[in-house]
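Here is what each chain is made of, one letter per residue.
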Amino acid sequence: MRFVCCEPPMTVGAWAADYVAQRILDFAPGRDRPFILGLPTGSTPLAMYQHLIQKHRAGQLSFEHVLTFNLDEYVGLAPGHPQSYHSYMNQEFFRHIDLPAQNIHILDGNATDLEQECQQYETAISARGGLDLCIGGVGEAGHIAFNEAGGRLNSRTHLQRLDASTRSANARFFEQDANQVPTYALTMGVGTILEAREVMILATGPRKALAVYHALEGQVTPEWPVSALQKHGRSLIVCDEAAAQKLTIKA
């Protein structure tokens, strides 16, 4: 596992955007050979998205031949709900770039059959040969996507009941009211994420420091799902100094 600690003036968002852009450019995707990208939501990736948009507007990067698969979506929120991840991705990223609508994949949290929706998502990823690069954030308790502590580290895309701590942390997006946060979500499994050819996790701020410690220096355990990245041959954690403060290793 690689570890990058960004020191000012370089930020996690800028570093991650540079990395994603270079990976796409080096891959040189085309109509019959698209670059397959797994994408996160939440606060941490926002700066990365802003920098990628800037690169696109400057003519430095095209997403015409990129396919995206989002990591998760709430169950029960309409796609147009302001806190759905459909809305988030459109508002913060997709509407600002040249990514074709048919290349966008986001789980449907209102599907009639949620299990079938998860299976179809897995099939769609597999049909494209898997993810070339999967980007994620990490929760304070070490979850990646919506894979909560204690779950299987070989899990596939599935329906996940959200822990009270996760709903509390996400209450800031729902008028500070955890009761408004959906109880369930659909999420890529840890096993699905680990099958990506490369995984990059972003972490910022002191509240992520314990999770970063367990990711890099702790034992691999379901109690800290992010620790599973130690088993991946091409995994990368990008964080700021505050998120790295509990580490004994140096970048």
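Up top is the structure.
Summary of the structure given here. Treat the numbers as computed from the prediction; the structure is a model and nothing was measured.

Glancing now at unusual backbone geometry. In most cases, non-glycine residues show a negative phi, while peptide bonds are predominantly trans. In this model, P8 is joined to P9 through a cis peptide bond whose omega is 10°. Counting through the fold element by element, P9 comes out in the loop between β1 (2–6) and α1 (12–27). Phi angles above zero are rare outside glycine, and A28 is one such case at about 50°. Locating A28 in the fold gives a position in the loop between α1 and β2 (35–39). One non-glycine residue, A145, lies in positive phi territory at about 50°. Along the polypeptide, A145 turns up in the loop between β6 (133–137) and β7 (158–161).

This next bit is on the pairing of strand β8 (residues 184–187). Bridge count between strand β4 (residues 72–74) and β8: 3 bridges; the pairing is antiparallel. Opposite E73, over in β8, you have L186 as the bridge partner.

Okay, the pattern of salt bridges next. Summed over all chains, the structure comprises 7 salt bridges. Its salt-bridge partner being D18, residue K55 comes within 2.7 Å of it at the nearest N-O pair. Here D18 lies in helix α1 and K55 lies in helix α2 (residues 46–57), a separation of 37 residues in the sequence. D132 is the salt-bridge partner of R197, the closest N and O atoms lying 2.9 Å from each other. Separated by 65 residues along the polypeptide, R197 in the loop between α6 (190–194) and β9 (199–203) and D132 in the loop between α4 (114–127) and β6 bring together distant segments of the chain.

Ordered in space as β1-β10-β9-β6-β2-β3-β5, the 7 strands form an open sheet in which the pairing is parallel. The open sheet has two free edges, formed respectively by β1 and β5 (104–105), since each of these has just one partner strand. α1 rests against β1, β2, β3 (66–70), β6, β9 and β10 (235–240) of the sheet, and its axis sits at about 165° to β9.

Thresholds applied
- Residues numbered from 1 in each chain as written.
- Predicted model: local features only at pLDDT ≥ 70, side-chain atom pairs only at ≥ 80, totals over all residues.
- Heavy atoms only, no water.
- Helix = DSSP H or I, 4+ residues; strand = E, 2+ residues; numbered from the N terminus.
- Pairing = 2+ DSSP bridges.
- Salt bridge = Lys/Arg side-chain N within 4 Å of Asp/Glu carboxyl O.
- Contact = heavy atoms within 4.5 Å.
- Axes fitted to C-alpha atoms, helices over the stretch in contact; angles between N-to-C directions.

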